Each structure stands twice: as C-alpha cells, then as structure tokens.
Protein chains: 2
Amino acid sequence: MEKLVKQKCEACRADAPRVTDDELPILLKEIPDWQPITEDSVLMLRRVFKFDDYQESLEFTKKVAALADEEDHHPAILLEWGKVEVTWWTHKIGGLHKNDFIAAAKTDTLNS
Amino acid sequence: MEKLVKQKCEACRADAPRVTDDELPILLKEIPDWQPITEDSVLMLRRVFKFDDYQESLEFTKKVAALADEEDHHPAILLEWGKVEVTWWTHKIGGLHKNDFIAAAKTDTLNS
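Residues numbered from 1 in each chain as written. Chains lettered and ligands numbered in written order. Predicted model: local features only at pLDDT ≥ 70, side-chain atom pairs only at ≥ 80, totals over all residues. Heavy atoms only, no water.

In the superposition of chain A on chain B (RMSD 0.0 Å, axial shift 0.0 Å), the rotation amounts to 180°. Interpreted geometrically, this transformation is the action of a two-fold axis. For chain A, the minimum C-alpha distance to the rotation axis belongs to leucine 78 of chain A and amounts to 2.1 Å. Taken as a fraction of all interface residues of chain A, those also at the interface in chain B reach 100%, which identifies the copy contact as same-surface. (Least-squares fit on C-alpha atoms with pLDDT ≥ 70 in both. Contact = heavy atoms within 4.5 Å.)

As a further point, take the packing of aromatic side chains. Residues and elements named next belong to chain A. Tallied over the full model, the rule gives six aromatic pairs over all chains. Ring geometry for tryptophan 34 and phenylalanine 49: centres 6.0 Å apart, planes at 70°, overall edge-to-face. On the criterion of sequence distance, the pair formed by tryptophan 34 in the loop between helix 1 (23–30) and strand 1 (35–39) and phenylalanine 49 in strand 2 (residues 42–50) is long-range, its members being 15 residues apart. By relative accessible area, which is 2% here, tryptophan 34 ends up buried. (Phe/Tyr/Trp six-rings, centres within 6.5 Å; stacked < 30°, edge-to-face > 60°. Helix = DSSP H or I, 4+ residues; strand = E, 2+ residues; numbered from the N terminus. Buried < 20%, exposed > 50% of the residue type's maximum accessible area, 1.4 Å probe, protein only.)

What follows covers the environment of tryptophan 81 of chain B. If you trace the backbone, tryptophan 81 of chain B turns up in the loop between strand 3 (76–80) and strand 4 (83–88). Sequence separation of tryptophan 81 of chain B and tyrosine 54 of chain B is 27 residues, and the distance between their C-alpha atoms is 5.6 Å.

Here we take up the interface of chain A and chain B. Interfaces are often described in size by the accessible area the parts lose on coming together. The interface of chain A with chain B comprises 18 residues on the first partner and 18 residues on the second. Buried surface at the junction of chain A and chain B, both sides included, amounts to about 1,400 Å², of which 64% is carbon and sulfur. Viewed at the interface, chain B and chain A are joined by zero salt bridges. Applying the counting rule to chain A against chain B returns four residue pairs in polar contact (both at pLDDT 80 or more). Going through the elements one at a time, helix 2 (54–71) and strand 3 (76–80) of chain A are the ones with two or more residues in the side of chain A that touches chain B. When residues in the side of chain A that touches chain B are grouped by element, the largest group, eight residues, is from helix 2 of chain A. Looking at side-chain class alone, the side of chain A that touches chain B contains eleven nonpolar, four polar and three charged residues. The pairing of strand 3 of chain A with strand 3 of chain B spans three bridges and is antiparallel. From the neighbouring strand, leucine 79 of chain A faces strand 3 of chain B, where its bridge partner is isoleucine 77 of chain B. (Buried area = accessible area lost by both parts, 1.4 Å probe. Salt bridge = Lys/Arg side-chain N within 4 Å of Asp/Glu carboxyl O. Polar contact = N/O pair within 3.5 Å; in protein donor to acceptor, adjacent residues only side chain to side chain. Nonpolar A, V, L, I, M, F, W, Y, C, P; charged D, E, K, R; others polar. Pairing = 2+ DSSP bridges.)

Here we come to the packing of helix 2 of chain A against helix 3 (residues 98–109) of chain A. Residues and elements named next belong to chain A. Put simply, helix 2 and helix 3 touch, their axes get as near as 10 Å, and they point 145° apart. Regarding helix 2 and helix 3, the two cross each other, and that crossing is right-handed. Here Phe60, Val64, Leu67 and Glu71 of helix 2 lie close against helix 3, whose contacting residues are Ala103, Lys106 and Thr107. Among the residues forming the contact of helix 2 with helix 3, the class breakdown is four nonpolar, one polar and two charged. (Axes fitted to C-alpha atoms, helices over the stretch in contact; angles between N-to-C directions. Left-handed = near helix turned anticlockwise from the far one by under 90°.)

For serine 41 of chain A, which is not glycine, the phi dihedral falls at a positive 65°. Of note, serine 41 of chain A is situated in the loop between strand 1 and strand 2. The backbone of aspartate 72 of chain B shows a phi angle near 50°, a positive value even though the residue is not glycine. On the secondary structure map, aspartate 72 of chain B appears in the loop between helix 2 (54–71) and strand 3.

Since there are 3.6 residues in each turn of an α-helix, residues three or four apart along the chain are aligned in direction. With 18 residues, helix 2 of chain B extends 26 Å from end C-alpha to end C-alpha; this agrees with the ideal 26 Å at 1.5 Å per step. For helix 2 of chain B, the secondary structure elements touched by its buried residues are helix 2 and strand 3 of chain A together with strand 2 (42–50), strand 3, strand 4 and helix 3 (98–109) of chain B. The N-cap of helix 2 of chain B, judged by a side-chain oxygen 3.1 Å from the amide nitrogen of glutamine 55 of chain B a few residues on, is aspartate 53 of chain B. (Expected span 1.5 Å × (residues − 1).)

Pasting the structure below:
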C-alpha cells in the first residue's frame, strides 16, 4: 500500500465504503498517535497536539485548516490554550473513510 | 453597570468570585445569543456562529484568538465546516467569572 501521506483524499459520496473492521488496525498502524473514538455512534479519529504557546496553537490550527481546504475534507479543530484537538471523520458516510486516515497522516506532518 | 463590551478582563486569581445566581440572569441579558451550559460540573457560556464558507470560519477563529490574546483570557474555539463554536469559562475558578461575559460580549462584536 502506498504510504498514506503520499495519497490524496478523493471526492466522497454517500455510498462510499466505510473502512472495514479488517482494514482499521492496518491503517491505524500508520498513524499510531491517533485514537479511534466514537461519538453519537460515529467512529472518528482524534489526536491532541500540545503547545507551550497560544500563538503556536493558532499557527497549527491555520496549517490544519489549509490542509483541509487542499484536500477538500474538513475536520473539527478544537483550539484551546496549550492544545489543539483534531478530529477527522466523514460526515457523508457517518464514519471513517480512507480519506480520514490520509488526512490524519498529513496532519502529523504539519507538527514536525 | 457599564456595558460589558466597554470593560476589560482583569487578571483572575483562584479565589476570584464566581458570578452569583443573582448576577447570572442580569449578565445573560446583555449577551442573549449565549447559552449557559454545564460540562463536567463547570458552568460555561457557549455560542455557535454559522458561516457559509470555510475561509470565513477560519477568519472568525483568528479574530477570536486575537481577542483572547488581547484579554489574556482564552476560550475553547471549535472550528468546523460552516460553523465556529466558542466556549468561555474561567479555568482557575472552575466556572463563570465576569471576565467570561465581557469576553462573550466582545466576541459578538467580531461577527458584525
């Protein structure tokens, strides 16, 4: 499989396939810092990024927003003092699409 | 009482007074679009701002972050496609200080 960071999110339809139970652990291995979580029965990927400085948190938020526009896939970004929590999932399918793993892997590269 | 938007957040100590049950409805009248909510037994103020465009949501997020730095008081800002949810509370006292109402009133002015 090509590395996630090298792939690009594709346009997602309501009938696009969710990531299967078999694929999930394989994909998670490539993004070990992300937690699969469930909110309102929707499976999502979440990672908290910590920062010592509010400006750094804001700069990171802006980078994630730019990535979102580039991929045309938009996460929830929770900006607080000292941390930014990013959550990826695919609204149209009410769960996780491969796009979310690609986007999570690319989010990791913004923090290096 | 001087209008909230004309006031400035003051440095908050752990023993600073929480807004009382008597003050709460009076202060809420000045910020009618904000909901008092409770999360983990902490009273907070929350408002959702809607936008048609992701860039507009991001611009608003940046304005709220600039206000936060100016007041040295930092909210939770949840940026998603089409909306920004802002939540003010005072960590140090685990509840609502008058600062939060001042900050909420000033947040409203950023959306006009």
